[in-house]
Amino acid sequence: MIQANPDLTIHPSAPRSSESIPQIPVHPAGSRARVLLASVFGPYAQDDEFGSRALNPMELYHNQVTRTQGPFSLRMFHRSWGLMLIQANIEAPCTVLDFPTRDRFIEELKTRRYDVIGITGITPNLLKVREMCRLARQHQPHARIVVGGHVANIPNLARQVDADHVVKGDGVAWFRRYLGEPADRPIRHPLIQSGLGTRSAGMTVRDEPGDVAATVIPSVGCPLGCNFCSTSAMFGGKGRFINFYETGDELFHVMCQLEKRMQVQSFFMMDENFLLHKKRALRLLDLMQEHDKAWSLYVFSSANVLKTYSIEQLLGLGISWVWMGLEGKDSQYAKLHGIDAHALVKELQSHGIRILGSTIIGLEDHTPQNIGDVIDYAASYDTDFHQFMLYTPIPGTPLHAELTAKGQMKDPGEFDPADVHGQLIFNYRHPHIRDGQEGEYMLQAFQRDMTLNGPSTVRIVRTTLAGWKRHKNHPDPRVRRRVAWEARELATTYSALVGAARRYYRRDAVLGPKMAALLAELHEEFGWKSRVSSFFGGLYVIRRIRAEEKRLAAGWTYEPPTFYERNAPCRDNPAAALAQSAAPLSRVAAVRSVTPPLVPAQPTAAAAQPV
């Protein structure tokens, strides 16, 4: 859940000048305007006329990372963080409706009057965005309709949906200007749980305070700007980004507040290449050492940037999970040039740093003749997780412009935009791969990785155990504490999982011995506790796995709960939002928001101490 936090206020590093934000008219009601922000409606994990696809559920890991891992697949939902960030940073009465059903969205339109209705989505959601705009216009014809998110990259979107404004880039600054508020006012960081409803092996993982990482959003945009990156395109192209936290002091202060308010010691850094900002990262390391913080950080980073840090620096920063691009042996992308990526992955894993590798299928040089080698090469990394995505020219990206100029883009009538989600079809004419072969190659890639390397959740156990064994006696007590915290369930829960996996794969010639070897290593390290947990706990887990397997075979799917949240102006002035709906909701989450005191843009070391 997300809550606006009065202690998490920071000045953006780059002022949002009038040059960077198009001039727009101010809404007549200004900050008195009643605002509704909504994500596209569900259900999601089904094929329907509005563009939902069973192959593209609202589960990032399951639909593009652990897709073929069956009952072992890692499944979780992530909130619409952009909507929460906007809500926390405007003074107008604002309601967020996240993951509604179509009926729930209609009910909200019928029972409350809004002046501004904002809708966010990605490009495959075009039909849902169009339908939500139609419904908003039908039920609240007086309201101004705003569309944002990645769907805004579609050229001439305003001609395809009935919206008054299409917003690309920084939604916080745009809404502030639209509501007559200062666009460069300091940013309030919301309290964000990185995931919810986490499930694997037939069991839902507990999400008590401290069990789930807090999300930190240091920046938006991307400084690198690969030609296929829709995030770069949305924020103005290569090299365009906005740092919310320019210095390590600013970042440390916010993380201390999150630690206190959310009782966490792990942080998911939602930044396209967090470690690229080395001065900030090393200052954060200094402050973590000075204040004895044994935090875990989960980051995105490119291989070439990772190589600029020593292992001791990475360990000191608490880097314990890295999402990195592994596009292929002969990749054109500079982030892999001159890097022995296989050696880098193995080195990081040997220190307990879990790797999520990302490989693109369908690059220009991929052919039916070499695609098997491409897939084998990706699987040979044996990363803890491996994402596979089709090489896809998303509207607004340089790749889309390039292929349009070459006449390689398919005509709109040749495909359904809802199917262009990176897992099924090309929206252009590939020079070598045709007739829908790309979908088959994607499936082959996931299956190859799974049959060679096994379930990702078990690979996590392997890497975590390696880090524990190597650093349990590390000279830095912060590193020891952090490694011990990450390894706290190796002897119990993780031993039970591996025990169940050994039973599940006992007849598999490749994975059976791997599961047995890992279990023996756990027994050697943790003795009787691991043996008891793997036997009795393993029996329980294997039953849950089998039950989950049957549910999935019968067509079971997972959907996120609906969130309904109102900010402080709504509660202080109930007439602004009328009354809460009497209709049953999947989940209702209240938001606490007050006008926060401003935190200095560059806190002193004293100011950065936890409160």
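Owing to the predicted nature of the structure, the values given are computational and were not obtained by experimental measurement.

(A) Structural context of the nonpolar core. Counting residues in hydrophobic clusters, the biggest one holds 112 residues, and the most contacted among them are Phe175, Phe267, Leu275 and Leu297. Counting residues per element, this core draws most heavily on helix H7 (residues 248-262), which supplies 7 residues. Excluding residues that lie within four positions of it along the chain, leucine 297 makes contacts with Met255, Phe267, Met269, Phe274, Leu284, Leu317, Gly318, Ile319, Ser320 and Trp321. Counting 33 residues, the second-largest nonpolar core is a separate cluster that includes Phe99, Leu109, Leu135 and Ile145.

(B) View of the sheet that holds strand S18 (residues 385-390). The parallel open sheet is built from 6 strands, whose spatial order is S11-S14-S15-S16-S17-S18. Here the strands that pair on one side only, and so sit at the sheet edges, are strand S11 (214-216) and S18. Adjacent strand axes in the sheet meet at a mean angle of 15° when their direction is disregarded. Judged from the 5 bridges that link them, strand S16 (residues 319-325) and strand S17 (residues 354-361) form a sheet pairing that is parallel. Residue methionine 324 lies in a different strand from S17, and its bridge partner there is glycine 357.

(C) Molecular detail of the confidence of the model for the chain. Residues of the chain with pLDDT of at least 70 account for 88%, and the chain-wide mean is 87. Counted against residues more than four places away or in other chains, residues 1-20, with its pLDDT under 50, gives 87 contacts. pLDDT under 50 marks residues 576-611. Its contacts with residues more than four places away, or in other chains, come to 96 contacts.

(D) Representation of unusual backbone geometry. Cis geometry is adopted by the peptide bond preceding proline 43, which originates at glycine 42 and carries an omega value of 0°. Relative to the elements of secondary structure, proline 43 occurs in the loop between strand S2 (35-39) and helix H1 (60-64). Of note, the phi angle at aspartate 382 is positive, near 50°, even though the residue is not glycine.

(E) Here's a closer look at a nonpolar patch on the surface. A cluster of nonpolar side chains, contributed by Trp528, Val532, Phe535 and Phe536, occupies part of the molecular surface with about 490 Å² of accessible area. When you line up the elements, phenylalanine 535 lands in helix H19 (residues 528-553). Since its relative accessible area comes to 42%, phenylalanine 535 is described here as partly exposed.

(F) Summary view of the sheet that holds strand S6 (residues 144-148). If you trace the 6 strands from one edge of the open sheet to the other, you get S7-S6-S5-S2-S4-S19, paired in mixed fashion. Edge positions in the sheet fall to strand S7 (165-166) and strand S19 (563-566), since each has one partner strand and no second. Pairing of strand S5 (residues 116-120) with S6 involves 5 bridges; the strand directions are parallel. Pairing of valine 116 across the sheet is with arginine 144, part of S6. Helix H4 (residues 126-139) contacts S2, S5 and S6 of the sheet and is inclined by roughly 165° relative to S6.

(G) Quick look at the packing of helix H15 (residues 456-471) against helix H16 (residues 477-486). Interaxial distance between H15 and H16 falls to 9 Å at its minimum, and their mutual angle equals 145°. H15 and H16 meet at a crossing whose hand is left-handed. Residues Thr464, Gly467, Trp468 and His471 of H15 form the contact with H16, whose own contacting residues are Val479, Arg480, Val483, Ala484 and Glu486. Split by residue class, the contact of H15 with H16 holds 4 nonpolar, 3 polar and 2 charged.

(H) Representation of the environment of leucine 275. Along the chain, leucine 275 turns up in the loop between strand S14 (266-269) and helix H8 (278-290). Separated by 44 residues in sequence, leucine 275 and isoleucine 319 place their C-alpha atoms 9.9 Å apart. Setting aside residues no more than four positions away along its own chain, leucine 275 makes contact with Ala281, Val299, Phe300, Ser301, Val305, Leu306, Tyr309, Leu314, Leu317 and Ile319.

(I) The arrangement of the environment of glycine 42 in detail. Turning to its location among the elements, glycine 42 is positioned in the loop between S2 and H1. Overall, glycine 42 belongs to the buried group, its relative accessible area being 6%. Once you skip the residues sitting within four places of it in the chain, glycine 42 turns out to touch Pro100, Thr101, Arg102 and Lys128.

(J) Representation of the pairing of strand S9 (residues 196-200) within the structure. Burial analysis of S9 places 4 of its 5 residues in the buried class, the great majority of the element. In the sheet, strand S3 (residues 75-77) pairs with S9 via 2 bridges, with the strands oriented antiparallel. Following the sheet pairing, phenylalanine 77 is matched in S9 by leucine 196. Examined bridge by bridge, S9 and strand S10 (residues 203-204) share 2 bridges and lie antiparallel to one another. In the sheet register, serine 200 faces S10, and the bridge partner there is methionine 203.

Definitions and cut-offs
- Residues numbered from 1 in each chain as written.
- Predicted model: local features only at pLDDT ≥ 70, side-chain atom pairs only at ≥ 80, totals over all residues.
- Heavy atoms only, no water.
- Core = buried A, V, L, I, M, F, W, Y, C linked by side-chain atoms within 4.5 Å.
- Buried < 20%, exposed > 50% of the residue type's maximum accessible area, 1.4 Å probe, protein only.
- Helix = DSSP H or I, 4+ residues; strand = E, 2+ residues; numbered from the N terminus.
- Contact = heavy atoms within 4.5 Å.
- Pairing = 2+ DSSP bridges.
- Axes fitted to C-alpha atoms, helices over the stretch in contact; angles between N-to-C directions.
- pLDDT = per-residue confidence, 0-100.
- Patch = residues over 30% accessible without salt bridge, like charges linked within 9 Å, V, L, I, M, F, W, Y side chains within 5 Å.
- Areas by Shrake-Rupley, 256 points an atom, 1.4 Å probe, with all protein chains shown as cover.
- Salt bridge = Lys/Arg side-chain N within 4 Å of Asp/Glu carboxyl O.
- Left-handed = near helix turned anticlockwise from the far one by under 90°.
- Nonpolar A, V, L, I, M, F, W, Y, C, P; charged D, E, K, R; others polar.

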